[in-house]
Amino acid sequence: MAEKLRDLSQPIDVPVLDATVAAFYGTGSKEERNAADQILRDLQNNQDMWLQVVHILQNSQNLNTKFFALQVLESVIKYRWNALPTEQRDGMKNYVSDVIVQLSSNEVTFRQERLYVNKLNIILVQVLKHEWPARWTSFIPDLVAAAKSSETICENCMAILKLLSEEIFDFSRGEMTQQKIKELKSSLNSEFRLIHELCLYVLSATQSSELIRATLATLHAFLSWIPVGFIFESPLLETLLKFFPMAAYRNLTLQCLTEVAALQFGDFYNMQYVKMYTIFMMQLQAILPAGSIPNAYANGSNDEQAFIQNLALFFTAFFKSHIRILEASPENRAALLLGLEYLTGISFVDDTEVFKVCLDYWNIFVLELFEAHNQIEPATAAVSMMGLQAQMIPGVVDGTGTAVQHRRQLYSGPLSKLRTLMICRMAKPEEVLIVEDENGNIVRETMKDNDVLVQYKIMRETLIYLSHLDHEDTEQQMLKKLTKQLNGEDWSWNNLNTLCWAIGSISGSMVEEQENRFLVMVIRDLLNLCEITKGKDNKAVIASNIMYVVGQYPRFLRAHWKFLKTVVNKLFEFMHEMHPGVQDMACDTFLKIIQKCKRKFVTQQVGENEPFVSELLSNLHTTILDLEPHQIHTFYESVGHMIQAESDNTKRDEYLKRLMSLPNQKWAEIIGQAGQSIDILKNQDVIRSVLNILQTNTSVATALGPHFFPQISLIFLDMLTVYRMYSELVSSTIAEGGPYASKSSFVKLLRSIKRETLKLIETFVDKAEDLPHLGKQFVPPMMDPVLGDYARNVPDARESEVLSLFATIINKYKAEMLEDVPRIFEAVFQCTLEMITKNFEDYPEHRLKFFSLLRAIGTHCFKALIQLSSQQLKLVIDSINWAFRHTERNIAETGLSLLLEILKNFQASAFQNQFYKTYFLNIEQEIFAVLTDSFHKPGFKLHVLVLQHLFCVVDGLTEPLWDVATVQVQYQSNAMFVREYTINLLGASFPNMTAVEVTKFVDGLLSSRHDLTSFKNHIRDFLVQSKEFSAQDNKDLYAEEAAVQREKERQRMLAIPGLIAPGELQDEMVDS
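Residues numbered from 1 in each chain as written. Predicted model: local features only at pLDDT ≥ 70, side-chain atom pairs only at ≥ 80, totals over all residues. Heavy atoms only, no water.

Draft legend 1. Local environment of the overall build of the protein. Scanning the protein from terminus to terminus reveals 52 helices and two strands. When the backbone C-alpha atoms are referred to their principal axes, the protein occupies close to 100 × 85 × 70 Å. Expressed as a percentage of the 1072 residues in the protein, the buried residues total 52%. Of the roughly 48,400 Å² of accessible surface on the protein, a fraction of 53% belongs to carbon and sulfur atoms. Distance between charge centroids for the protein: 2 Å, based on 102 positive and 129 negative side chains. (Helix = DSSP H or I, 4+ residues; strand = E, 2+ residues; numbered from the N terminus. Buried < 20%, exposed > 50% of the residue type's maximum accessible area, 1.4 Å probe, protein only. Areas by Shrake-Rupley, 256 points an atom, 1.4 Å probe, with all protein chains shown as cover. Lys, Arg positive; Asp, Glu negative; His and termini not counted. Charge placed at Lys NZ, Arg CZ, Asp CG, Glu CD.)

Draft legend 2. Seen up close, the nonpolar core. Phe280, Phe315, Phe319 and Phe590 are the most contacted members of the largest nonpolar core, which has 351 residues in total. Ignoring sequence-local partners within four residues, the contact set of Phe590 consists of Val568, Leu571, Phe572, Met575, Leu616, Phe635, Ser638, Val639 and Met642. (Core = buried A, V, L, I, M, F, W, Y, C linked by side-chain atoms within 4.5 Å. Contact = heavy atoms within 4.5 Å.)

Draft legend 3. Region of the structure containing helix α25 (residues 493-505). Compared with the 18 Å implied by 1.5 Å per residue over 13 residues, the 18 Å span of α25 between its first and last C-alpha is a close match. Burial within α25 is extensive, with 11 of its 13 residues counted as buried. Those residues of α25 that sit buried are Trp493, Leu496, Asn497, Thr498, Leu499, Cys500, Trp501, Ala502, Ile503, Gly504 and Ser505. (Expected span 1.5 Å × (residues − 1).)

Draft legend 4. How the structure looks around the environment of Phe862. With respect to the element layout, Phe862 can be found in helix α44 (residues 862-866). When its relative accessible area of 12% is taken as the criterion, Phe862 is described as buried. If sequence neighbours within four positions are ignored, Phe862 has contacts with Ile857, Ile902, Asn905, Phe906 and Ser909.

Draft legend 5. Here's a closer look at the packing of aromatic side chains. Across all of its chains, the model carries 56 aromatic pairs by this definition. The interplanar angle of 80° and the centroid separation of 5.0 Å between the aromatic rings of Phe862 and Phe906 together place this pair among those described as edge-to-face. Of this pair, Phe862 sits in helix α44 while Phe906 sits in helix α46 (residues 889-907), placing them 44 residues apart in sequence. For Phe906, a relative accessible area of 3% corresponds to the buried category. Look at Trp962 and Tyr971: their rings are 5.2 Å apart centre to centre, the planes differ by 70°, and that puts the pair in the edge-to-face class. Sitting over the ring of Phe355, Arg425 keeps its end group 4.1 Å from the ring centre. When the ring centre of Tyr790 is taken as origin, the NZ or CZ atom of Arg798, which lies over that ring, is 5.7 Å away. (Phe/Tyr/Trp six-rings, centres within 6.5 Å; stacked < 30°, edge-to-face > 60°. Lys NZ or Arg CZ within 6 Å of the ring centre and 35° of its normal.)

Draft legend 6. Local environment of the environment of Tyr116. By the element assignment, Tyr116 lies in helix α7 (residues 114-131). A residue is classified by how much of its surface remains accessible, and Tyr116, at 3% relative accessible area, is buried. The sequence separation of Tyr116 and Leu63 amounts to 53 residues, and the corresponding C-alpha distance is 7.2 Å. Contacts of Tyr116, omitting those with residues within four sequence positions, involve Leu57, Leu63, Lys66, Phe67, Leu70, Val99 and Leu103.

Draft legend 7. Spotlight on the state of the cysteines. In total, this model carries zero disulfides according to the counting rule given. In this structure Cys154 is a free cysteine whose sulfur lies 6.4 Å from that of Cys157, the closest cysteine sulfur available. Judged by relative accessible area, which is 4%, Cys154 ranks as buried. (Disulfide = S-S within 2.5 Å.)

Draft legend 8. Just the environment of Leu326, in detail. Assignment of secondary structure puts Leu326 in helix α18 (residues 302-328). Among the residues examined, Leu326 registers a relative accessible area of 1% and is labelled buried. Sequence spacing of Leu326 and Tyr636 is 310 residues, and the spatial spacing of their C-alpha atoms is 60 Å. With residues near it in sequence (within four places) discarded, Leu326 still touches Val274, Tyr277, Phe318, Phe319, Asn332, Arg333 and Leu336.

Draft legend 9. Quick peek at the pattern of salt bridges. What the rule picks out here adds up to 45 salt bridges. Linking Glu801 and Lys849 is a salt bridge whose minimum nitrogen-to-oxygen distance equals 3.7 Å. Of this pair, Glu801 sits in helix α41 (residues 800-813) while Lys849 sits in helix α43 (residues 844-860), and the two are 48 residues apart along the sequence. Relative accessible area serves as the criterion here: at 15%, Glu801 is assigned to the buried category. (Salt bridge = Lys/Arg side-chain N within 4 Å of Asp/Glu carboxyl O.)

Draft legend 10. Fine view of the packing of helix α40 (residues 779-792) against helix α42 (residues 821-836). Following both chains from N to C, one finds α40 and α42 inclined at 25°, their axes separated by 8 Å at the closest point. Compared by their axis directions, α40 and α42 come out roughly parallel. Here the hand of the crossing between α40 and α42 comes out left-handed. Here Met783, Asp784, Leu787, Tyr790 and Ala791 of α40 come into contact with α42, specifically with Arg823, Ile824, Ala827, Val828, Cys831 and Thr832. (Axes fitted to C-alpha atoms, helices over the stretch in contact; angles between N-to-C directions. Parallel < 35°, antiparallel > 145°, perpendicular 65-115°, else oblique. Left-handed = near helix turned anticlockwise from the far one by under 90°.)

Draft legend 11. Geometry of the packing of α7 against helix α9 (residues 151-170). Remark: α7 packs on α9, axes separated minimally by 10 Å, with the N-to-C direction vectors making an angle of 45°. Relative to α9, α7 is oriented oblique. Viewed along their axes, α7 and α9 form a crossing whose handedness is right-handed. Across the interface between the two elements, Arg114, Val117, Asn121, Ile122, Leu124, Val125, Leu128 and Lys129 of α7 pack against Glu155, Asn156, Ala159, Ile160, Leu163, Leu164 and Glu167 of α9. A class-by-class count of the residues in the contact of α7 with α9 yields nine nonpolar, two polar and four charged. (Nonpolar A, V, L, I, M, F, W, Y, C, P; charged D, E, K, R; others polar.)

Draft legend 12. Seen up close, unusual backbone geometry. Omega for the bond connecting Trp132 with Pro133 falls within 30 degrees of zero, at 0°, which places this linkage in the cis form. Looking at the element boundaries, Pro133 is found in the loop between α7 and α8 (139-147). Even without glycine at this site, Lys814 takes up a positive phi of about 45°. In this structure, Lys814 sits in the loop between α41 and α42.

Draft legend 13. Main features of helix α10 (residues 178-190). Here α10 contains 13 residues, and its C-alpha end-to-end distance of 19 Å stays within 8% of the 18 Å for a straight helix at 1.5 Å per residue. All of the buried residues in α10 are Lys180, Ile181, Leu184, Ser187 and Leu188. Summarising the axial view, the buried residues of α10 lie within an arc of 130°, below the 170-degree limit, and thus occupy one face. The exposed residues of α10 that point more than 90 degrees off its buried face are Gln178, Gln179, Lys182 and Ser190. (Arc of directions from axis to C-beta.)

Draft legend 14. Summary view of the side chain of Glu801. A distance of 3.4 Å separates the side chain of Glu801 from the side chain of Ser800, its partner in a polar contact. Beyond its immediate stretch of four places on either side in the chain, Glu801 contacts Arg755, Leu758, Glu762 and Lys849. (Polar contact = N/O pair within 3.5 Å; in protein donor to acceptor, adjacent residues only side chain to side chain.)

Draft legend 15. Local environment of the side chain of Glu646. Among the secondary structure elements, Glu646 is positioned in the loop between α33 (629-644) and α34 (649-659). One buried charge, Glu646, has no salt-bridge partner; the nearest side chain with opposite charge is Lys651, at 4.7 Å. Look past the residues within four positions of Glu646 in its chain and what remains in contact with it is Val602, Lys651, Arg652 and Tyr655.

Given below as structure tokens:
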């Protein structure tokens, strides 16, 4: 039956279509659903299906069938509308308008068919985006006239206007070209008077609550962009404030007032804003008293909670734009402070979304006060340093200075409450690993919560500004809260956590003397608290807080050896604490402190018999007794950093020897036993020991860099022998056991040893950069055991780390590796390509590392590429094309960067003509293919750079790019040939674009090719026009501009003490 639907030469059989749609949505068998799905898909893809839409809508009673028909229609309107004959367009337009009017003129059908009408409204707005204003000039007058004929039509007209506003102003970026958006905006602006009159008329005349709500919702969509006179020079604001006290319209009215509050245009309407705010505050106090907000929210209905959320949006919008008007005159200050009190009350509401809205505003508010205060302080300080009286400098103390002082006094109350808010709601920093689970138990955190980290960053920044504005108040509030923890008055896990996170977060914002005084009290109190509190969970919480706080204040620890030693010994104590998370945090904090204070541990401090490092190495065994292997590695890395700080070579080597004596003993023992019987190496416990020893070596190599040389020399050759032996064992196991053997735990364990060996060598080579002769001597012995082994292995036994190791070696030793490149190429190239070009999924690790190796060769050993045979070079270029077609972002970006480097290198070489003649058109075609594919949006910046390079390089080529023998037309220049080739290429790829549009785009590319910015904008517009990138998020096309903004922000933060945490600063004065 359903098959006859495919024949569209006569009107479609609607009952059969209804049955097919019902089968698709129904509960029948899977086969029925799949068959229905296939038929509906085929119909959707049929070019003529849309001609049946009217017939279906008139004859079907099934809502899903109607939606299916409208879906077909919507895609025609979006992608093919302008290509349809005029009478078909007009017919469709009139039909949709008539159905909407017919359904919405009757209250009963309008309410029943609401979903269907909404979908028809969306279709109408899609048509408008093409037809209005040019081909449908009377649309707005027609709509307003229809609205006056009945209340339900009026209500639906409001819905259409709201949709139109949203489509043009909110969702247009990436949907329409810049020119079209501009045209629609100016049309709406010029015809807005009619809409405005209609809204006011409705609000004053109707009794229908549905219609009032629809009108308020429409106004809300329009208020952000309409000409200002319509708001302030008409009764609109008074009307809105009249509706505000009514519970039914309160939320919608408040949203409208928020839009008005967010507008900014000079001082012209200041008085109206003050009046609006004053009336609003009087009405608000009657609705919701200021002191009860957190309770009102906790016990409120959905509407009441939404009202408090909307209040937060109103206050933050109003204060962002107009707080200065309110603070300027004394009679408005009481209302202003009351508004801030409301906002502070809302900030204490227990809801994350509400808190985020408030927090964003508090951050801006405090930053502005801080910046003004910051400009005055240096000026006053500079004046007094020069020995002048501050009064002699105009503006420092009188004008600006006094104004700033007055503002700080005006806001001192709200700011103090804000400090309380930030301290008691501080979010959890990343370093804290110990959390309370939903059952109230203290456990180790398993997942990082990104929302919490973002919130912590903003809160930390805000609290630092607050601290700069009044150090005394900040310090007093924190110490007072800490005392209440000690005497048990306020003791709870959450209170202690937020307090300690707040204390840690303001590190670096106080002057050193004040910080020292403050911290001595804090650390002393926390250590006391740890002693007097009973209970394992309680102790774990206190321990985590002590560790977090001390980790945040390296400057204090560097200046106070006694405290530093106490803290480190306390960490050693926590390393024996078997509570989940405490040991991890102790090891992490130890590493963090050592990195910032390492020199303190290798110099002999007053009152000590030897440097701390020596004492630590003597007790090493007992300190790490209870730690897990991964914690031991962190511990070893920390001690490595200590040893690295020792400048005396003999002492340093001796410390290293003592540090490595435990793993080295074990290593010697295993190698000795393996000398007698090789089978010992197959024992799983032995394999785990070997792995552990290698990981410990890698951790120390990471910290010590080139000074790790004596240790790696000791184990290097034995390590390669073990590597080769395990590699052969892996290969033979896979060969015997088939593909599943590669997934077995035994093989995985063996391979982790191979990986760790490669990682250790790579780490050392990478860190020994100042001493190339050191690292270079390790390359020849590796050629066969590592490279030869890679080539000989079955694919499943090849380690991707081999590729990254040789990429690191080439990046480090650059052209010195030239003669080794053919050997590397031979061993890894062909066999890796076979593994990764079968599909886009297998061997993901090999993919990225292979292209990184290729990039290293292309960058540093380009001569080696020129010496390849043409087949080999073709393989390289094909593999690069293949890389940037990859949907995995890192691989695609590596491929594009590599392509760009190779293109530039060939451009500068003697082979440029033959290279471009062979590959130019192929590369251009491949780049356009990914550029216009929305899956590849993140590569936009590099796609543009490659295209720009291709379009610019054309002029420098001395031989024709086309094949003179086969092409009849002889072009004047390569540029003319590339122009025609590109027009044909894009014309064939985008049948929905006219030849004129394509030609205009290609000419634009050629004319703007020397100016990257306009070249890039030109391509962005084309992507939107080609409809490939319409209804999607196009932020990737603007990624580069966003990166510049981020760097500016970092420079600003560096200038304010404490804003970048001391732990993140690369400080050279680490611990002189």
